[in-house]
Amino acid sequence: MTGVPASAAGGTGAKPVRGGELGPAAVNQAGLWNIANILTMVRLLLVPAFVLLLLHNGGYDPVWRSFAWAAFAVAMITDLFDGHLARTYNLVTDFGKIADPIADKAIMGAALVCLSVLGDLPWWITGVILARELGITLMRFWVIRLAVIPASRGGKLKTLAQGTAVGMYVLVLTGPLATLRFWVMMIAVALTVVTGLDYVRQAVVLRRLGIAAERVAAARAAQALQEAAGALGAVGDAGAAGAAGAAGAAGAVRTPAAGGSTAVTPALRPHRATGGTGRGGSGTASGRGEDREAAEARDAAEAER
């Protein structure tokens, strides 16, 4: 019970990557039947076996309780090994994400409840520990969309203290060892409460930061959309202005004349070259002068007659 599921610590299932961080591509690439998941399954199967051994013959037989202690110890050790193997060889599956925390809480919860039923452990201790474990699990789901609460050193010490104390209560101890297990359990309860409050604080802070980050990202996205819309509008206005200018130029080149014919505007009338001069104006003046001289010659001839 170290915060992050042991057999879901991430990986490709291909080759070991020691000390490396896991990326998104590492998720769900390992097969179901890997060593980390097998150890998790063994821990799940040990839960009913542990309960049967602990409650055999009324729950007060020292021999059967020793067998129950052995099953509990194996379960706690497999929790350490499957976590180490998952982190070392990057073995991750959806089954491991779900089954690992269930196995952790199942073996501890079963031990606490059975010991309280037998009268060896006060119910308030069982209630405090189970409430903390279930509450933190729900809180992790509360913030999992925004961030992951990492397992702290205090949480690992809490797990070690709980396992040691519960293991001592499973055994039939008397004298100083019975007194010692009580104080070990008190240390475990204190660590349980303190680390639980610390997880609550982390969850609240992470949720606030996550919500603030989401708001900032949404504002930036809205600003980017507005800028993109403005750029598209400017391009559209420029295109409309260009089209209007082209239409105006075309209308100036050819305008309708009287009688339905089309006349060329003076500004765009082509020049007609005469006499190699290339000046249309001089050719027109010369033509008019020749007409005037021809008319004067006809008038003189008629006067002589």
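Draft legend 1. View of the overall build of the protein. On a plain count of helices and strands, the protein comes out with seven helices and two strands. Start at the N end of the protein and walk to the C end: the helices and strands fall as α-α-α-α-α-α-β-β-α. When burial is assessed residue by residue, the protein has 30% of its 305 residues classed as buried. A separation threshold of at least 6 residues defines the contact pool for the protein, and within that pool the share at least 24 residues apart is 74%. In the structure as shown, the protein presents an accessible area of about 18,300 Å², 67% of it carried by carbon and sulfur atoms.

Draft legend 2. The arrangement of helix H1 (residues 35–55) in detail. Here H1 is 21 residues long and its end C-alpha atoms lie 31 Å apart, about the 30 Å a rise of 1.5 Å per residue gives. Of all the bends in H1, the greatest reaches close to 30 degrees and is centred on Val47; the proline Pro48 follows between one and four positions later. All of the buried residues along H1 are Ala36, Asn37, Leu39, Thr40, Met41, Arg43, Leu46, Val47, Phe50 and Leu54. Where H1 begins, the side chain of Asn34 points an oxygen toward the backbone nitrogen of Ala36, at a separation of 3.1 Å. Positive phi shows up at Asn57, right after H1, with a value of about 55 degrees.

Draft legend 3. Spatial organisation of the packing of H1 against helix H2 (residues 62–89). In the contact formed by H1 and H2, the axes pass within 9 Å of each other and the chain directions differ by 165 degrees. One way to sum up the angle between H1 and H2 is to call them roughly antiparallel. For the crossing formed where H1 meets H2, the hand is left-handed. Its residues placed into classes, the contact of H1 with H2 shows 17 nonpolar, two polar and four charged.

Draft legend 4. Looking closely at the packing of H2 against helix H5 (residues 153–170). One way to put it is that H2 packs onto H5 with a least axis distance of 9 Å and a crossing angle of 165 degrees. The orientation of H2 relative to H5 falls into the category roughly antiparallel. Crossing of H2 against H5: the hand is left-handed. Between H2 and H5, the residues in contact are Arg65, Ala68, Trp69, Phe72 and Met76 and Thr159, Gly163, Val166, Gly167, Tyr169 and Val170, respectively. Its residues assigned to classes, the contact of H2 with H5 shows seven nonpolar, three polar and one charged.

Draft legend 5. Examining a nonpolar patch on the surface more closely. Taken together, the side chains of Leu32, Trp33, Ile35, Ile38 and Val42 define a hydrophobic patch exposed on the protein surface, amounting to about 470 Å² of accessible area. Examined against the element boundaries, Leu32 turns out to sit in the segment before H1. The class for Leu32 is partly exposed, based on a relative accessible area of 39%.

Draft legend 6. Region of the structure containing the nonpolar core. If you look at the biggest cluster of nonpolar residues, it comprises 31 residues, and the most contacted ones within it are Phe50, Phe72, Val166 and Met185. Among the elements of the structure, H1, H2, helix H3 (94–117), helix H4 (123–143), H5 and helix H6 (176–253) are those that each provide at least two residues to this core. It is H3 that provides the largest number of residues to this core, a total of seven residues. Excluding its chain neighbours within four sequence positions, the residues that come into contact with Met185 are Leu121, Ile125, Ile129, Ala165, Val166 and Tyr169.

Draft legend 7. Geometry of the confidence of the model for the protein. Taken as a whole, the protein shows an average pLDDT of 76; of its residues, 66% reach a score of 70 or greater. In this model, residues 2–28 is a region of pLDDT below 50 whose contacts with residues beyond four sequence positions or in other chains number 69 contacts. Counting interchain partners and residues more than four positions distant, the pLDDT-below-50 stretch residues 258–283 has 22 contacts.

Draft legend 8. Fine view of the side chain of Asp104. Tracing the backbone through its elements, the reader meets Asp104 in helix H3. By relative accessible area, Asp104 is classed as buried at 6%. Side chain to side chain, Asp104 and Arg43 meet in a polar contact 2.9 Å long.

Draft legend 9. Representation of the side chain of Asn34 in the model. Structurally, the position occupied by Asn34 is in the segment before H1. Residue Asn34 is classed as buried on the basis of its relative accessible area, which comes to 10%. Reaching out from Asn34, the side chain makes a polar contact with the backbone nitrogen of Ala36 at a distance of 3.1 Å. Reaching out from Asn34, the side chain makes a polar contact with the backbone nitrogen of Asn37 at a distance of 2.9 Å. When near neighbours in sequence (up to four residues on either side) are disregarded, Asn34 contacts Leu91 and Thr93.

Cut-offs used in this document
Residues numbered from 1 in each chain as written. Predicted model: local features only at pLDDT ≥ 70, side-chain atom pairs only at ≥ 80, totals over all residues. Heavy atoms only, no water. Helix = DSSP H or I, 4+ residues; strand = E, 2+ residues; numbered from the N terminus. Buried < 20%, exposed > 50% of the residue type's maximum accessible area, 1.4 Å probe, protein only. Contact = heavy atoms within 4.5 Å. Areas by Shrake-Rupley, 256 points an atom, 1.4 Å probe, with all protein chains shown as cover. Expected span 1.5 Å × (residues − 1). Bend = angle between axes of the 7 residues up to and from the residue. Polar contact = N/O pair within 3.5 Å; in protein donor to acceptor, adjacent residues only side chain to side chain. Axes fitted to C-alpha atoms, helices over the stretch in contact; angles between N-to-C directions. Parallel < 35°, antiparallel > 145°, perpendicular 65-115°, else oblique. Left-handed = near helix turned anticlockwise from the far one by under 90°. Nonpolar A, V, L, I, M, F, W, Y, C, P; charged D, E, K, R; others polar. Patch = residues over 30% accessible without salt bridge, like charges linked within 9 Å, V, L, I, M, F, W, Y side chains within 5 Å. Salt bridge = Lys/Arg side-chain N within 4 Å of Asp/Glu carboxyl O. Core = buried A, V, L, I, M, F, W, Y, C linked by side-chain atoms within 4.5 Å. pLDDT = per-residue confidence, 0-100.

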